[in-house]
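# Secondary and tertiary structure notes
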Protein chains: 2
Amino acid sequence: MTGDVSQPFAAGLSRRLAAFVHRSRWEDVPEPVRAHAMRAIFNGFGTALGGSSDQAVLRLTKSLAPFSAGENATVIGHAQRRDALTAAFLNAAAMNVFDFDDTHAGTIIHPTAPVAPVVLALAETRPTSGAELLHAFTLGVEVACRIGNAVSPGHYDRGWHITSTCGIFGAAVAAAKLLKLGENEILWALGNASAQASGLVETLGFMAKSTGVGNAARGGLISALMAQCGVEGPPQPLEGPRGFLKVCSDHPRPELIEGGLGRDWEILRTMFKPYPCGVVLNPVIDACLAARATPNFSANQIAEVVVRGAPLLKARADRPEVTTGREAQVSAQHAVAVSLLRGHAGAEEFSDAAVNDPLVRGLRAKVRPVEIDANTAVEAAHVSIRFADGSSLVVSEKAATGSLARPMSDSALREKFAALARYGCPTLGVAPLARTLWTLADQKNSGDLMVLARPSSGVVRE
Amino acid sequence: MTGDVSQPFAAGLSRRLAAFVHRSRWEDVPEPVRAHAMRAIFNGFGTALGGSSDQAVLRLTKSLAPFSAGENATVIGHAQRRDALTAAFLNAAAMNVFDFDDTHAGTIIHPTAPVAPVVLALAETRPTSGAELLHAFTLGVEVACRIGNAVSPGHYDRGWHITSTCGIFGAAVAAAKLLKLGENEILWALGNASAQASGLVETLGFMAKSTGVGNAARGGLISALMAQCGVEGPPQPLEGPRGFLKVCSDHPRPELIEGGLGRDWEILRTMFKPYPCGVVLNPVIDACLAARATPNFSANQIAEVVVRGAPLLKARADRPEVTTGREAQVSAQHAVAVSLLRGHAGAEEFSDAAVNDPLVRGLRAKVRPVEIDANTAVEAAHVSIRFADGSSLVVSEKAATGSLARPMSDSALREKFAALARYGCPTLGVAPLARTLWTLADQKNSGDLMVLARPSSGVVRE
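Residues numbered from 1 in each chain as written. Chains lettered and ligands numbered in written order. Predicted model: local features only at pLDDT ≥ 70, side-chain atom pairs only at ≥ 80, totals over all residues. Heavy atoms only, no water.

### Regarding the pairing of strand S6 (residues 392–397) of chain A
Residues and elements named next belong to chain A.
- Along S6, the buried face is formed by Leu-393, Val-395 and Glu-397; none of Ser-392, Val-394 and Ser-396, which line the opposite face, is buried.
- As judged from the six bridges shared by strand S5 (residues 381–387) and S6, these two strands associate in the antiparallel manner. Within the sheet, the bridge partner assigned to Arg-386 lies in S6 and is Ser-392.
- Linkage of S5 to S6, two consecutive antiparallel strands, is achieved through a turn of four residues, within which Gly-390 is found at a positive phi near 90 degrees. (Buried < 20%, exposed > 50% of the residue type's maximum accessible area, 1.4 Å probe, protein only. Helix = DSSP H or I, 4+ residues; strand = E, 2+ residues; numbered from the N terminus. Pairing = 2+ DSSP bridges.)

### Some words on the packing of aromatic side chains
- Using the criterion set out here, one finds 13 aromatic pairs over all chains in the structure.
- Arranged with centres 5.9 Å apart and planes meeting at 80 degrees, the rings of B:Phe297 and B:Phe387 form a pair that is edge-to-face. Remark: B:Phe387 occurs in strand S5 (residues 381–387) and B:Phe297 occurs in the loop between helix H14 (282–292) and strand S3 (302–309); sequence separation between them is 90 residues.
- Among the residues examined, B:Phe297 registers a relative accessible area of 17% and is labelled buried.
- Between A:Arg414 and the ring centre of A:Trp438, over which it is positioned, the NZ or CZ distance is 4.3 Å.
- The ring of A:Phe100 carries A:Lys416 above its face, with NZ or CZ at 4.1 Å from the centroid. (Phe/Tyr/Trp six-rings, centres within 6.5 Å; stacked < 30°, edge-to-face > 60°. Lys NZ or Arg CZ within 6 Å of the ring centre and 35° of its normal.)

### Quick word on the sheet that holds S3(B)
Residues and elements named next belong to chain B.
- The strand order S4-S3-S5-S6 describes an open sheet built from four strands, whose pairing is mixed. The sheet terminates laterally at strand S4 (371–372) and strand S6 (392–397), the two strands that pair on one side only.
- Across the sheet, H14 touches S3, S5 and S6, and the angle it forms with S6 is around 135 degrees. (Contact = heavy atoms within 4.5 Å. Axes fitted to C-alpha atoms, helices over the stretch in contact; angles between N-to-C directions.)

### Points about the sheet that holds S6(A)
Residues and elements named next belong to chain A.
- Read across the open sheet, the four strands follow the order S4-S3-S5-S6; overall the sheet is mixed. Looking along the sheet, the strands with just one partner apiece sit at the ends: strand S4 (371–372) and S6.
- On top of the sheet, helix H14 (residues 282–292) reaches strand S3 (302–309), S5 and S6; it is set at about 135 degrees to S6, its chief contact.

### A short note on the relation of the copies chain B and chain A
- In screw terms, the move from chain B to chain A is a rotation of 180 degrees and a rise of 0.0 Å along the axis, fitting with an RMSD of 0.1 Å. What the superposition gives is, in effect, a two-fold axis relating one chain to the other. The rotation axis passes nearest to the C-alpha of B:Ala69 in chain B, at a distance of 2.1 Å.
- In this assembly, 100% of the residues forming the interface of chain B have copies in chain A that are likewise at the interface, indicating an isologous arrangement. (Least-squares fit on C-alpha atoms with pLDDT ≥ 70 in both.)

### Some points on the pattern of salt bridges
- This structure, assessed with the given rule, holds 42 salt bridges over all chains.
- For the salt bridge of A:Arg269 with A:Glu266, the shortest nitrogen-to-oxygen distance reads 3.2 Å.
- For A:Arg269, a relative accessible area of 33% gives the class partly exposed.
- Of the charged contacts, one joins B:Glu304 and B:Arg386 as a salt bridge, the two residues approaching to 3.8 Å between their closest N and O atoms. With B:Glu304 in strand S3 and B:Arg386 in strand S5, the pair connects residues that are 82 residues apart, well separated along the chain.
- A relative accessible area of 23% means that B:Glu304 is categorised as partly exposed.
- One network of salt bridges, with partners in common, ties together A:Arg158, A:Asp250, B:Arg158 and B:Asp250. (Salt bridge = Lys/Arg side-chain N within 4 Å of Asp/Glu carboxyl O.)

### A look at the pairing of S3(A)
- Across seven bridges, the pairing between S3(A) and S5(A) is antiparallel. Within S5(A), the position partnered with A:Arg308 by the bridge is A:His382.

### A few points about the interface of chain B and chain A
- Taken together, the contacts link 58 residues of chain B with 58 residues of chain A.
- Carbon and sulfur atoms make up 64% of the area that chain B and chain A hide from each other, which totals about 4800 Å².
- Across the contact surface, chain B and chain A share four salt bridges.
- Taking the shortest distance from any N to any O, the salt bridge between A:Arg59 and B:Glu232 comes out at 3.5 Å.
- On inspection of chain B and its partner chain A, the count reaches 26 residue pairs in polar contact (both at pLDDT 80 or more).
- Counting residues per element, the side of chain B that touches chain A draws most heavily on helix H11 (residues 208–228) of chain B, which supplies eight residues.
- Its residues placed into classes, the side of chain B that touches chain A shows 28 nonpolar, 19 polar and 11 charged. (Buried area = accessible area lost by both parts, 1.4 Å probe. Polar contact = N/O pair within 3.5 Å; in protein donor to acceptor, adjacent residues only side chain to side chain. Nonpolar A, V, L, I, M, F, W, Y, C, P; charged D, E, K, R; others polar.)

Any functional reading would require information beyond the geometric quantities listed.
This is the structure in structure tokens:
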């Protein structure tokens, strides 16, 4: 326990955070931050399209359908609209279901999933310019990631699913900003969010993970709406003696919430993933795709593959035996085999079908257990391939695509978007949607774009 | 951290708990447990009537109104019906808003608030006998309190609002039982609940407390409905390495969840409060009411009052200065003054109006700071009154009304119910409702009773 009665712990932190959100103006947000915010929403929209037909999302949709009041808000990739709370829940679940959404360096929060669906849903229910939407979204991501910084790394290590637990605060302030709430009400929104902050790492790999992420978005939105209706919260929901920071962290560092606030923007530390699998696999896949692109490469001549990388690579992804797409997302053996065979590593390559493809299975068996090289950084890896004729090929990746050092290019982001849409929502023509999202900052009424995310009503998705 | 990979921690606990809920039959539940379950719902229904017009409940009602799909379920004391999720939320908030609902000895969970509203709402949407409803409710209370036992006392001490965090599991299994889910689905309901378990002590004393309690009921209900739709959870939501017990407790005792399960029923350890204030004040009020009932007692002749009691009494309720009803709930000085003056200690006596009554204020100033007697148990207290003529009166209470040793009588419970209804919902004639609840076990279709909890539609409560 940090602090005691005689030494107040970060007294007034929550109110100052609320005041920052209240007084922030879009003009104060630097251009690179604005541009990154657009990309984050673009990327998240794509992962939502990709996830929109996943079984977890469809089952959650079915369970929530009887409790949606009216049809104001779009569920991305679905013809049927829902109320704003339900749409926020389902879009958050879909954005994050493959863990293919953005990742904040340091906390590993996926911040767009809990925050973007809230501002998108609100924008459909009241006139909201693209700039207003991006501004509220940026503030939400900022608050979620800064609270995450203050409780990391112990919070996630202990078992909190940080995307959900911290995401709800971001969702709450983003909604509060779009609703134009006052400082007190923003503080109450944080308080109502603190009463609902939840999510366990134990649920990862199961559909209940999406229950937590959806709940973060929905809970954040209703927290702000409650505050708007006068539901008062405590003055110190974050820093109080029984507030979020002390309860949900063994060593909270509240100073990380305020240091550089409004100057250093956390959204610039979010990364977009090129491949729908654990980030530790990014450099491995990069190396395999580079190997496959060499002249005269022939996958069926491979005798053995050795992967060397950071200790975390082995800890997280040394998994020779896989039976489902979900497991394949954390299998170096599968990632190597499928990317060497197909020259591609998209959603299809991490599906159940790809796992059971006899060719993939055959090559997967030739990939040795991961070898540790303590000097290799987590964004680097080495892949050595020995062929049947005795020749060999070694490819090293120093900074994987999608890392802070080598972010995905705009064209790669656009390709990812299109591929995800084809995968999850093949009946939707996405070119107009992609164009509109890419120019979001210039849109007069951002809610209008959501019609482009709905396939024709003939498609049944449940 | 308890346990490691080589020593599995309570492996299979969640599944065995689900199996217990699944196979439990009403015939297996002993008659005293059944009778206590009825009293718990009766008492909770009364506190919901009392809380139904509280500002926190009204503001929450307003915020949720646009998101209620249809009118299937009754909000106790309100004319307007809502959907089952919304009604569960609001009834849980109302039951607990004054902390006048039941308390489980040991954990201080208020178990009826998160659980009963869920079974009441479901009973309005499908035929449910009174016995079925009581059975599901009893199982829900059992699960909530046993999980609470396993994380107590550290969980609450650290800052978890245990009524909400553990209540959601009870709500989930109660709903799952009424929905007749299978063992797997009950396990998934626990998993979906684990992803949403939340609530902070920091919110106590503020409306956001009710956000957490309402969310526990709503979250439990939707967790079961999600499980019914196939939303799968992890196999070990409670005992897993990143499951609820290890994440939300520094020293979990999983054995307390299973020991005596199905034989020793936790609901028998729940207490009904006679007065709408902190339980530590119960013996003080008992003593004051006994003093006032002595012949020739005259409150306006009092010169000074001294209260002696357990250390916890002083720690929690030595509060001479109070300005609101909410503060008065934890003020020994107020409790003494108002009960000596009025011979009664109901909701009216802990209202803002009572706090500002000049007579109460005058006598409150004559009540000395609480004195500690380390040998006095928390359910006991001594009140010494010195009169202007030099005479004095000492009353000692050994076991307060409402303690396990001296539970409230049936007639006292009925009086409490009627008084709360008059206080919170004066236009409702409650005699038929009270009669029906008291014979709940014999009702063929328990959902029918909810019509008796709705005042005529002319009353506007928002």
